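Structural overview
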Amino acid sequence: MTETVVFETHNDIAVIRIDNPPVNALSQSVRQGLLDSVSQLDENDKLTAAVLICSGRTFIAGADISEFGKEPLQPHLPDVLRAIGQCKKPIVAAMHGTVLGGGFETALACDYRVSFPNTKVGLPEVKLGLIPGAFGTQLLPRLAGVKTALDMVTSGRQVLVDSELGQTLVDEVILGSGYDELLEGALNFAQRIAGQTNQRRWLADVVLEKEPDHEAVFAAYKQKMAKKKRGLIAAQHCVQSVENAVVLPFEQGAAEERRLFMECRESSQSQAMRHAFFAERKCAKVDGLDTSASALPVKQVGVIGAGTMGVGIAMCFAQAGMPVTLLEVDQDRVNAGLEKIQSNYERSVARGRITEEQSAAYYGRVRGTCNYDDLADVDLVIEAAFESMEVKNQIFSTLDKVCKPDTIFATNTSYLDIDAIATVTNRQDKVLGMHFFSPAHIMKLLEIVRAEQVSDQTLVTAIDVARKIGKVAVTVGVCYGFVGNRMYARYGAEAQNLLLEGATPELVDAAIREWGMAMGPFEVIDLTGLDIGYKARKHQPNLPDDPTYFALSTVFVEAGRLGQKSGSGFYSYGSGSKQPDQEAINLIRDTATKLGVKQIESDAREIQNRLIGALVDEGRAILKEGIAQQASDIDVIWLNGYGFPRHRGGPMWYGDEAG
Ligand code: 3HC
């Protein structure tokens, strides 16, 4: 048919096979091949049915995202899927892997769906700032009901076929694995249905009735999206389009879906989210790294320090199936760390995120110790101890003596010089930074800090480990704060300048939240504690020569206002919830007077421009110094570690867009 679609026959059943690595995306040649195959199936009287199957690791994983943003090429996917739906002979989609977006829409356009139990299906378009654009919002409600369709389309989540919901989305589960077994099962199924009457099942023919709670359900979803996916046009369009499936005839609903899809596709939001998708894949390819160096096996891990970070890091590994030894200086601290892990898992069970069995298995993989000798055989140690050079040097020189020669040492330091830490060991090629973000077991980001002497094999191993524990890893160079925290410091300093100039914490936080950041800078600093940056700045050799630089943090810490943990910071927390605080405002104004800062009025737009502008500017400096290898890496860091709105693409993408 085309170079990516093969049309074969097995007796009276046609096999339409797509072979478009890596994920069988619906590129132009696939769409053309599918259309030609359907014509051939229709025209050949000897053929009674067809199986649509894919080579390689997955059934179609969606439209070809790299084609978006270019001149659309014919045939368009809805035309291809309409041809599949209206073909005179039944077509069976034989699914494996991840059947996503246009891939799942293709399967929905087929008359039947069979799959392996471990197949996952979903409509993740909303994560790219899109809505399903080839009948997904029209066909899925007709197959699975409106509520399921709303959930799947607005969340973009993948549903496992071997689940209560998943089983309702397929006609037959085929046991086995591999192409041949899937094909054999699908051919048997096709043979069976080919002999039946009424074997055609184009879902578009199903007429949906309005449920009694129709209005309430859709209004609630629109509200939920306004809160959960604040500012994202596609989320609202997803709800609207599913509603159209109920209130409009199929062809009208489909035309409206296409219009909303095209509007999203051309939007700056979707462009930014598509950029984010590719940026997250590009960052795995590290400049100058010899990828022929194979990753060392990491079977056991040691974590030093059972504070908030150490506990979260230990949980990451335990959840990924790796035994973890958690070391603290005394038994009380070991016990406190273990209790924290246990209570975190209990909370996850209570919220229905994990089962009792998973909780027990994860917790069972962590053991506590105060004895360094227990780390002798681990393959990787991550140090998450107190942020002091002296403490770190002592830990690393001890580790160097007790651990086997090929153990890799990583530090979770946020600011300290990793090259200097490495020099206290006799294995500088095995020392690097693995900088997690709090809460470490939840946040996706991991900055892998490429120390001066680290070997390619150590770096490849760290990247491999990051993948195994489900992190988005970005490799960065050594500097104070690396990429994320260095930029955050610049942003935080600018936010404090705004206060000195006359703004209030509420005004700044509200303006930046309205822009799309998950939290305001003063909400964040009150949550994490003002003392952390205060202490870090005390050890920073090259503070800017500017008396206003974090002057407010210094004044607040010295007044005992450390944030939520002390009951007050930029806000007060006396009643448990965050309240504006006049005392904080008085301190801000007094400091501004002492420093002679001119008072000016800033509106929300000015605040947003100043804060995001500061980020972009620092990002540029980081790029120029080669601390980040490419602008998109900086975006990945901010999208995954700092609550930067995905539909704005990250600071560097936004900076380019804004000119
Ligand atoms: N289009 C183009 N390229 C794609 C792609 C797509 N839909 N999906 C994946 N790729 C590329 C990736 O960029 C990567 O390329 P690289 O090797 O050059 O970096 C390669 O395929 C492998 O991808 P991953 O590294 O992500 O491989 P994984 O095995 O980890 O994940 C996956 C596979 C789950 C399929 C994941 O790639 C994914 O989620 N893809 C996107 C799925 C999606 O969003 N589909 C909907 C698209 S929009 C749509 O269909 C619109 C329709 O409604 C009209």
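Below is a short write-up of the structure. (Residues numbered from 1 in each chain as written. Predicted model: local features only at pLDDT ≥ 70, side-chain atom pairs only at ≥ 80, totals over all residues. Heavy atoms only, no water.)

The next point concerns the pairing of strand 1 (residues 5-10). Alignment of strand 1 against strand 2 (residues 13-18), held across six bridges, turns out to be antiparallel. Residue pairing across strands places V6 opposite R17, the latter belonging to strand 2. Connecting strand 1 to the next strand, strand 2, in antiparallel fashion are two residues, including N11 with a positive phi near 55°. (Pairing = 2+ DSSP bridges. Helix = DSSP H or I, 4+ residues; strand = E, 2+ residues; numbered from the N terminus.)

Spatially, the three strands line up as an open sheet ordered 5-7-8, and their pairing is mixed. Each end of this open sheet is capped by a strand with a single partner; those strands are strand 5 (98-100) and strand 8 (159-160). Across two bridges, strand 7 (residues 120-122) lies against strand 8 in antiparallel orientation. Note that in strand 8 the partner of V121 across the bridge is V159. Of the strands in this sheet, strand 5 and strand 7 touch helix 3 (residues 102-109), which is tilted by about 85° from strand 5. (Contact = heavy atoms within 4.5 Å. Axes fitted to C-alpha atoms, helices over the stretch in contact; angles between N-to-C directions.)

The immediate surroundings of the ligand are formed by 23 residues, with R57, G102, E105, E125 and R281 found nearest. Within the side chain of K285, one N or O atom sits 2.9 Å away from an oxygen atom of the ligand. Starting from 990 Å² of accessible surface for the ligand in isolation, the protein chains cover 73%. Those elements giving two or more residues to the shell around the ligand turn out to be strand 5, helix 3 and helix 11 (268-282). Here the shell around the ligand gets three residues from one element, more than from any other, and that element is helix 11. When grouped by side-chain class, the residues that make up the shell around the ligand number twelve nonpolar, five polar and six charged. (Near = heavy atom within 4 Å. Polar contact = N/O pair within 3.5 Å; in protein donor to acceptor, adjacent residues only side chain to side chain. Areas by Shrake-Rupley, 256 points an atom, 1.4 Å probe, with all protein chains shown as cover. Nonpolar A, V, L, I, M, F, W, Y, C, P; charged D, E, K, R; others polar.)

Our next topic: the side chain of T106. Residue position: T106 is located in helix 3. Accessibility expressed as a relative area gives 0% for T106, which makes it buried. (Buried < 20%, exposed > 50% of the residue type's maximum accessible area, 1.4 Å probe, protein only.)

To continue, consider the side chain of R265. Turning to its location among the elements, R265 is positioned in helix 10 (residues 250-266). On the basis of relative accessible area, R265 is assigned to the buried category, the value being 8%. Side chain to side chain, R265 and E266 meet in a polar contact 3.4 Å long.

Let us now look at the packing of aromatic side chains. Under the definition given, this model contains 20 aromatic pairs. Relative to F261, the ring of F68 has its centre 6.1 Å away and its plane inclined at 75°; by these criteria the two rings are edge-to-face. Linking F68 in the loop between strand 3 (49-54) and helix 2 (77-86) with F261 in helix 10, this pair joins segments that are 193 residues apart in sequence. Relative accessible area serves as the criterion here: at 14%, F68 is assigned to the buried category. On the basis of relative accessible area, F261 is assigned to the buried category, the value being 6%. Where F396 meets F409, the ring centres are 6.0 Å apart and the plane angle is 70°; that geometry is what we call edge-to-face. Linking F396 in helix 15 (residues 389-402) with F409 in strand 14 (residues 408-411), this pair joins segments that are 13 residues apart in sequence. (Phe/Tyr/Trp six-rings, centres within 6.5 Å; stacked < 30°, edge-to-face > 60°.)

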